[in-house]
Amino acid sequence: MFETDLTDVEQSAFTGGLPGEERLEALVAGALRRYADLDEGQVADYIPVLAAADPRWFGVALVAVDGSTYAAGEVARTFSIQSISKAFVFALVCEAIGHEDVHEQVGVNNTGLPFNSVMAVELNRGSPMNSMVNAGALATTALMPGATPAEQWENIRTGLSRFAGRALELDGAVYHSEILTNQRNKAIARLLESYGRFDMDPLDAVDIYTRQCSLAVNATDLAVMGATLADGGVNPRTGEQVVSAEVARDTLALLASCGLYERSGEWLFEIGLPAKSGVSGGIVAVSPGKGGLATFSPRLDTAGNSVRGQRACAYLSRALGLNLFASAAHPAARTTKENR
Ligand code: GLU
């Protein structure tokens, strides 16, 4: 799946900051060029309207924690945020109810199964498991503060807009296409209800969840949203503290283990960054203290992750030294060995 031969790309360790403007611009443009002709993967069609996406669309955007933006390709084209919304709704709910409650009521462990698995709920005796799979996302959305479903939805819309730094709007065509065809999500919600997991009407939770997945964003929005999680919860463009630094940290921990569906382990092994992907072709990866990286390209692998997006992120993670697990020996340690 991943390109193992990145030997032409210098590997740096996760230290210091990002390189200068010119190098960032060149690398982001290079990531786009490098994978623009890759035509592996299929556009999602289980939500009928998504099948209309042009498989050639491709955009890469990076927003640093100082607010500077580097972009190449179709970074202004809007698409529905889909599962990437789960990361930011988790952050808002975690902010509202706290680390302990979200841990206890939803969970933070990977299921190892597809995002819409019914079996995962059964195997785990009704636990929604984590907020990045559909069962956990439905349970998380239900925990969003608000006196009515309409108020909960508005709190989600405005909350995600604060992450993006602009007012995000619902894509009505996507919402209608999905709400008519998401029997599986409705079944998951009813199953969770049978385990006593809902304090609200489960179908209202499905409706809000479908709306949150239908918010229209572009790659630059996703990069700003990621940069907010990279920046202690402060949106680097607006300066607003959207969630606390602790919530940003907790969100990234969850994304590291559960953000790329059942391929999260492979992603972390190759790229070494917390991230979230969605079936419309978006990926947002976060480099804590450095910035947010977003890609958009609708061709997906069989788990639901954008093929070109994964490659572009692997390339940039390596070239920019973003892998969280890379280290370089301290010069003093080297000297010690030499003097032995
Ligand atoms: N709204 C989509 C669903 O529930 C989101 C899927 C995804 O992006 O993983 O099926």
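Notes on the structure in this doc start here. Worth saying up front: this structure is predicted, and the values here are computed from it rather than measured.

Criteria and cut-off values
Residues numbered from 1 in each chain as written. Predicted model: local features only at pLDDT ≥ 70, side-chain atom pairs only at ≥ 80, totals over all residues. Heavy atoms only, no water. Helix = DSSP H or I, 4+ residues; strand = E, 2+ residues; numbered from the N terminus. Rg over C-alpha atoms; globule rule 2.2 N^0.38 Å. Buried < 20%, exposed > 50% of the residue type's maximum accessible area, 1.4 Å probe, protein only. Contact = heavy atoms within 4.5 Å. Areas by Shrake-Rupley, 256 points an atom, 1.4 Å probe, with all protein chains shown as cover. Lys, Arg positive; Asp, Glu negative; His and termini not counted. Charge placed at Lys NZ, Arg CZ, Asp CG, Glu CD. Polar contact = N/O pair within 3.5 Å; in protein donor to acceptor, adjacent residues only side chain to side chain. Patch = residues over 30% accessible without salt bridge, like charges linked within 9 Å, V, L, I, M, F, W, Y side chains within 5 Å. Salt bridge = Lys/Arg side-chain N within 4 Å of Asp/Glu carboxyl O. Near = heavy atom within 4 Å. Nonpolar A, V, L, I, M, F, W, Y, C, P; charged D, E, K, R; others polar. Expected span 1.5 Å × (residues − 1). 1 Å grid on protein atoms, 1.4 Å probe; cavity = no way out; pocket = protein on both sides within 12 Å on 5 of 7 lines; lining within 4 Å. Points joined across faces, edges and corners; volume = space filled by probe spheres on them. Pairing = 2+ DSSP bridges. Axes fitted to C-alpha atoms, helices over the stretch in contact; angles between N-to-C directions. Core = buried A, V, L, I, M, F, W, Y, C linked by side-chain atoms within 4.5 Å.

### Brief notes about the overall build of the chain
Stage number 1. A tally of regular secondary structure across the chain gives 14 helices and 9 strands.
Stage number 2. Against the globule reference of 20 Å for 340 residues, the chain gives a C-alpha radius of gyration of 19 Å, in line with a compact fold.
Stage number 3. In terms of principal-axis extent, the alpha carbons of the chain reach across some 65 × 45 × 40 Å.
Stage number 4. Across the 340 residues that make up the chain, the buried fraction comes to 56%.
Stage number 5. Across the chain, contacts joining residues at least 24 apart in sequence account for 71% of those joining residues at least 6 apart.
Stage number 6. Of the roughly 13,900 Å² that the chain leaves accessible, carbon and sulfur atoms contribute 50%.
Stage number 7. For the chain, the distance from the average site of its 27 positive side-chain charges to the average site of its 39 negative ones is 4 Å.

### Here we look at the environment of Asn-185
Stage number 1. Considering the arrangement of structural elements, one finds Asn-185 in helix α8 (residues 183-194).
Stage number 2. Measuring from C-alpha to C-alpha, the distance between Asn-185 and Gly-146 comes to 22 Å, with 39 residues separating the pair along the chain.
Stage number 3. Setting aside chain neighbours within four positions, we find Asn-185 in contact with Asn-134, Leu-138, Glu-178, Val-206 and Tyr-209.
Stage number 4. Of note is the side chain of Asn-185, whose polar atom sits 2.9 Å from the side chain of Asn-134.

### Side note on a negative patch on the surface
Stage number 1. Together, Glu-21, Glu-22, Glu-25 and Asp-66 line one region of the surface with negative charge.
Stage number 2. With respect to the helices and strands, the residue Glu-25 is situated in helix α1 (residues 21-35).
Stage number 3. Residue classification places Glu-25 among the partly exposed positions, given a relative accessible area of 46%.

### Observations regarding the site of the ligand
Stage number 1. Taken together, the neighbourhood of the ligand is formed by Tyr-46, Gln-82, Ser-83, Phe-115, Asn-134, Glu-178, Asn-185, Tyr-209, Cys-213, Tyr-261, Gly-278 and Val-279.
Stage number 2. In this structure, Tyr-46 approaches the ligand through a side-chain N or O atom, which is 2.6 Å from an oxygen atom.
Stage number 3. Against a free-state accessible area of 300 Å², the protein chains account for coverage of 99% of the ligand.
Stage number 4. For the shell around the ligand, the per-class residue count stands at 6 nonpolar, 5 polar and 1 charged.

### Some remarks on the pattern of salt bridges
Side chains that differ in sign of charge can pair as their charged atoms come close.
Stage number 1. This model, assessed by the stated rule, comprises 11 salt bridges.
Stage number 2. Measuring nitrogen to oxygen at the nearest pair gives 2.7 Å for the salt bridge that ties Arg-56 to Asp-54.
Stage number 3. You can call Arg-56 exposed: its relative accessible area is 65%.
Stage number 4. Measuring nitrogen to oxygen at the nearest pair gives 3.0 Å for the salt bridge that ties Asp-250 to Arg-249.
Stage number 5. Through salt bridges with shared partners, one network takes in Glu-154, Arg-157 and Glu-169.

### Description of helix α10 (residues 219-230)
Stage number 1. Between its first and last C-alpha, α10 extends 16 Å over 12 residues, near the 16 Å set by a 1.5 Å rise per residue.
Stage number 2. Considered for burial, the residues of α10 that qualify are Ala-219, Thr-220, Asp-221, Leu-222, Ala-223, Val-224, Met-225, Gly-226, Ala-227, Thr-228, Leu-229 and Ala-230.
Stage number 3. Between the side-chain oxygen of the N-cap and the backbone nitrogen of Thr-220 there are 3.0 Å, and the N-cap of α10 in question is Asn-218.
Stage number 4. Count one or two residues on from α10 and you reach Gly-232, which has phi positive near 60°.

### Notes on the layout of surface pockets
Stage number 1. Quantified by volume, the largest pocket comes out at close to 240 Å³.
Stage number 2. In terms of lining, the largest pocket is formed by 17 residues, of which the most central are Val-49, Leu-50, Ala-53, Trp-57 and Phe-79.
Stage number 3. Of all elements in the fold, only β4 (79-80) and α7 (172-179) reach the threshold of two or more residues within the lining of the largest pocket.
Stage number 4. Residues belonging to the lining of the largest pocket are distributed by class as follows: 13 nonpolar, 3 polar and 1 charged.

### As for the sheet that holds strand β7 (residues 282-287)
Stage number 1. Read from one edge to the other, the open sheet built from 5 strands follows the order β3-β2-β8-β7-β6, with strand pairing classed as antiparallel. Of all the strands in the sheet, just β3 (69-73) and β6 (275-277) have a single pairing partner and so form its edges. Strand-to-strand twist of the sheet, defined as the mean angle between neighbouring strand axes without regard to direction, takes the value 10°.
Stage number 2. Across 3 bridges, β6 lies against β7 in antiparallel orientation.

### Here's the deal with the nonpolar core
Stage number 1. With 64 residues, the main nonpolar core has Ile-81, Phe-88, Leu-160, Phe-163, Phe-198, Leu-222 and Met-225 as its most contacted residues.
Stage number 2. Here the element with the most residues in this core is helix α2 (residues 84-97); it accounts for 9 residues.
Stage number 3. Apart from the residues lying within four places of it in its own chain, the contact partners of Phe-198 are Leu-138, Ala-139, Ala-142, Ala-189, Leu-192, Glu-193 and Ala-205.
Stage number 4. Core analysis: the next-biggest nonpolar cluster, separate from the first, contains 31 residues, Tyr-35, Ile-283, Cys-313 and Leu-316 among them.

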